[in-house]
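Listed below, chain by chain, are the residues.
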Amino acid sequence: AQTVTQSQPEMSVQEAETVTLSCTYDTSENNYYLFWYKQPPSRQMILVIRQEAYKQQNATENRFSVNFQKAAKSFSLKISDSQLGDTAMYFCAFTPQGGSEKLVFGKGTKLTVNP
Amino acid sequence: GAGVSQSPSNKVTEKGKDVELRCDPISGHTALYWYRQSLGQGLEFLIYFQGNSAPDKSGLPSDRFSAERTGGSVSTLTIQRTQQEDSAVYLCASSLAVTSGVETQYFGPGTRLLVL
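For clarity, every value in this text was computed on a predicted model and none was experimentally measured. (Residues numbered from 1 in each chain as written. Chains lettered and ligands numbered in written order. Predicted model: local features only at pLDDT ≥ 70, side-chain atom pairs only at ≥ 80, totals over all residues. Heavy atoms only, no water.)

**Student:** An account of the nonpolar core is needed here, citing residue identities and associated values.
**Tutor:** Residues and elements named next belong to chain A. Core analysis: the biggest nonpolar cluster contains 26 residues, and Y25, W36, F75, L77 and Y90 have the highest contact counts within it. Every element with two or more residues in this core is listed here: β3 (19–21), β5 (32–39), β6 (46–52), β8 (64–69), β9 (74–79), β10 (88–96) and β12 (109–114). Top element by residues in this core is β10. It accounts for 4 residues. Sequence-distant contacts of F75, that is, excluding residues within four places in its chain, are made with C23, Y25, L34, F35, W36, Q51, V66, N67, F68 and C92. (Core = buried A, V, L, I, M, F, W, Y, C linked by side-chain atoms within 4.5 Å. Buried < 20%, exposed > 50% of the residue type's maximum accessible area, 1.4 Å probe, protein only. Helix = DSSP H or I, 4+ residues; strand = E, 2+ residues; numbered from the N terminus. Contact = heavy atoms within 4.5 Å.)

Given below as structure tokens:
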């Protein structure tokens, strides 16, 4: 079975500082994709960043970057220069290539950015 | 363009009643997904549509749950004889048809269902 584990239920960071959210996954697939989604109190799930497993280069989107360690099956999210608007639940998700491509989610990390 | 929309935003019902939840995907998105988010839990997959067919229904928790999609667009998730454990946020997502690689899923705001 494919599983995604987020070991940090809650985290907090001061505004303008850097924070890293952890995610590990378990799969026997070789071709797959990983995602970080953000869910603010409005409930709208918003894609933060995605990573293709076949790409060795870590994905980056502005202040958001990932540290993808395929052998360790680890996919952490680093948020630089944290902003108050980054306060949200963050979900790590996995999908194998092919089939229905349904997402398998972790249970999420609640991030609070303090002023 | 418009994103994924869902209605109603909130639904309160009594145990044993049937409910229908609606999802309007992004125009042109042929793939549609339903997920359920229970309190304090991550999202769990319910069903996947490609066009009007549902090749993956593996996440539907019981035969009280069903879904359909018409015209390759709007989808309805129906829960019959609702139970208190059905209380959750039901999220819909859509994506472009897969050509090569995995398409990003775009989510709607969800329907919060409360069964009393």
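Having seen the structure, we can now continue with the description.
**Student:** Explain the interface of chain A and chain B to me, using residue names and the numbers behind them.
**Tutor:** In this assembly, 21 residues from chain A lie in contact with 26 residues from chain B. Both sides together, the interface formed by chain A and chain B hides about 1900 Å², and carbon and sulfur atoms give 49% of it. Where chain A meets chain B, there are 1 salt bridge. Its salt-bridge partner being K102(A), residue D56(B) comes within 3.4 Å of it at the nearest N-O pair. Joining chain A to chain B, the criterion identifies 11 residue pairs in polar contact (both at pLDDT 80 or more). When residues of the side of chain A that touches chain B are traced back to their parent elements, those giving at least two are β5, β6 and β10 of chain A. No other element matches β5(A), which puts 4 residues into the side of chain A that touches chain B. Residues of the side of chain A that touches chain B, tallied by class, amount to 9 nonpolar, 7 polar and 5 charged. (Buried area = accessible area lost by both parts, 1.4 Å probe. Salt bridge = Lys/Arg side-chain N within 4 Å of Asp/Glu carboxyl O. Polar contact = N/O pair within 3.5 Å; in protein donor to acceptor, adjacent residues only side chain to side chain. Nonpolar A, V, L, I, M, F, W, Y, C, P; charged D, E, K, R; others polar.)

**Student:** Mind laying out the pairing of β12(A), listing which residues take part and the relevant values?
**Tutor:** Where a strand is regular, its side chains alternate between the two sheet faces. Residue and element names in this part refer to chain A. The two faces of β12 differ: T109, L111 and V113 on one face are buried, but K110, T112 and N114 on the other face are not. As paired strands, strand β2 (residues 10–14) and β12 are joined by 5 bridges and run parallel to one another. Residue pairing across strands places E10 opposite K110, the latter belonging to β12. Summarising the sheet, β10 and β12 pair through 3 bridges and their orientation is antiparallel. Considered in β12, the bridge of A88 is made with L111. (Pairing = 2+ DSSP bridges.)

**Student:** Account for the pairing of β10(A), with residues named and values stated.
**Tutor:** Residues and elements named next belong to chain A. Most of β10 sits out of view: 8 of its 9 residues are buried. Bridge analysis of β5 against β10 gives 8 bridges, and the strand direction is antiparallel. Within β10, the position partnered with W36 by the bridge is C92. Where β10 meets strand β11 (residues 104–105), 2 bridges bridge the pair, whose relative direction is antiparallel. Bridged to A93 within β11 is F105.

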